[in-house]
Amino acid sequence: MRVALLTLAVSACIAFWVASPVTAEDASAGVCQLIPAGGKAGLLDGWKSYHQDGVRTADVWTLDDKGILHCKGSPLGYLYTEKEYGNFVLELDWRWPPGKEPGKGGVLIRTTGPDKIWPKSLEAQINVGDAGDFWGLDGFQLDGPADRKKSLEHPQFGKLINVKKSAPVERPAGQWNQYKIVADGDTVTLEINGQTVNRATACDTAPGKILLTAEGSAIEFRNVRLRSRDKP
């Protein structure tokens with residue numbers, strides 16, 4: 001029975017994404033490798049994209065045989081999961097490519113509504129100097145410490161809520177940073193390089209897609225792994 005359950009867990013990961021080098025222990029815990037870790041250059045099963053100029057995914061996003069996802073940064077848009085998630089642990093690495101000017105980027109979770117720049121979601125900011133900030137986009141609700149929180153109305157992007165990071169821990173351009181985002185009910189926590197830098201409460205809890213943004217700057221991702229905590 002145990003072997004049968006483990007086989008079922010592995011099959012579930014493959015059905016939603018691609019064959020990947022997650023360990024048997026990971027698979028039994030519900031961990032899926034959302035981006036192939038290597039040997040599957042160009043393959044982005046389980047993902048789609050939206051960009052302002054209607055370009056193809058491959059015009060902006062490319063996956064090499066080492067499992068590094070390269071984003072050109074333009075035109076503006078994002079890569080998004082076909083599946084929706086509400087409660088999960090998401091881990092990934094990102095960096096500004098060596099020799100490139102660092103700029104803007106982000107990871108959006110619980111994304112709902114029509115595709116646009118930018119949809120309703122909670123953003124874990126990657127912008128240089130601001131990595132670790134939270135932004136509630138297009139009316140997404142969240143709360144945080146009063147001394148680090150602000151709200152504003154944007155003529156294009158609607159109601160925005162910002163909760164600043166508690167400490168700057170991002171590494172210099174060219175070096176990899178590790179993000180760990182834990183979405184648990186109405187609380188979302190962000191760790192960068194092993195240090196907790198933000199915690200948002202009273203968050204909207206509707207499940208949604210996970211997005212990696214293209215905001216005009218070249219950026220790279222790898223080791224994108226997710227463990228769902230949603231009930232079957």
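Being a predicted model, the structure only gives us computed values, none of them experimental.

Describe the overall build of the protein, with residues and values.
The secondary structure content of the protein amounts to 2 helices and 16 strands. For the protein, buried positions account for 47% of its 232 residues. Looking at the protein alone, contacts between residues at least 24 apart form 64% of all its contacts between residues at least 6 apart. For the protein, the accessible area works out to roughly 10,700 Å², and carbon and sulfur atoms hold 50% of it.

Tell me what's going on with the sheet that holds strand β10 (residues 149–154), and back it up with residues and numbers.
Pairing is antiparallel in the open sheet, where 8 strands are placed in the order β2-β5-β15-β7-β8-β9-β11-β10. The open sheet has two free edges, formed respectively by β2 (47–51) and β10, since each of these has just one partner strand. Across the sheet, the mean angle separating the axes of adjacent strands is 20° when strand polarity is ignored. In this structure, strand β9 (residues 134–137) lies alongside strand β11 (residues 158–163), joined through 3 bridges in antiparallel fashion. Within β11, the position partnered with W135 by the bridge is N162.

Please give an account of the nonpolar core that cites residues and values.
If you look at the biggest cluster of nonpolar residues, it comprises 46 residues, and the most contacted ones within it are W61, L90 and Y179. Those residues in contact with W61 that sit more than four places away from it in its chain are L44, H51, L69, H70, C71, Y78, L79, L212, T213, A214 and F221.

Conventions used here
Residues numbered from 1 in each chain as written. Predicted model: local features only at pLDDT ≥ 70, side-chain atom pairs only at ≥ 80, totals over all residues. Heavy atoms only, no water. Helix = DSSP H or I, 4+ residues; strand = E, 2+ residues; numbered from the N terminus. Buried < 20%, exposed > 50% of the residue type's maximum accessible area, 1.4 Å probe, protein only. Contact = heavy atoms within 4.5 Å. Areas by Shrake-Rupley, 256 points an atom, 1.4 Å probe, with all protein chains shown as cover. Pairing = 2+ DSSP bridges. Axes fitted to C-alpha atoms, helices over the stretch in contact; angles between N-to-C directions. Core = buried A, V, L, I, M, F, W, Y, C linked by side-chain atoms within 4.5 Å.

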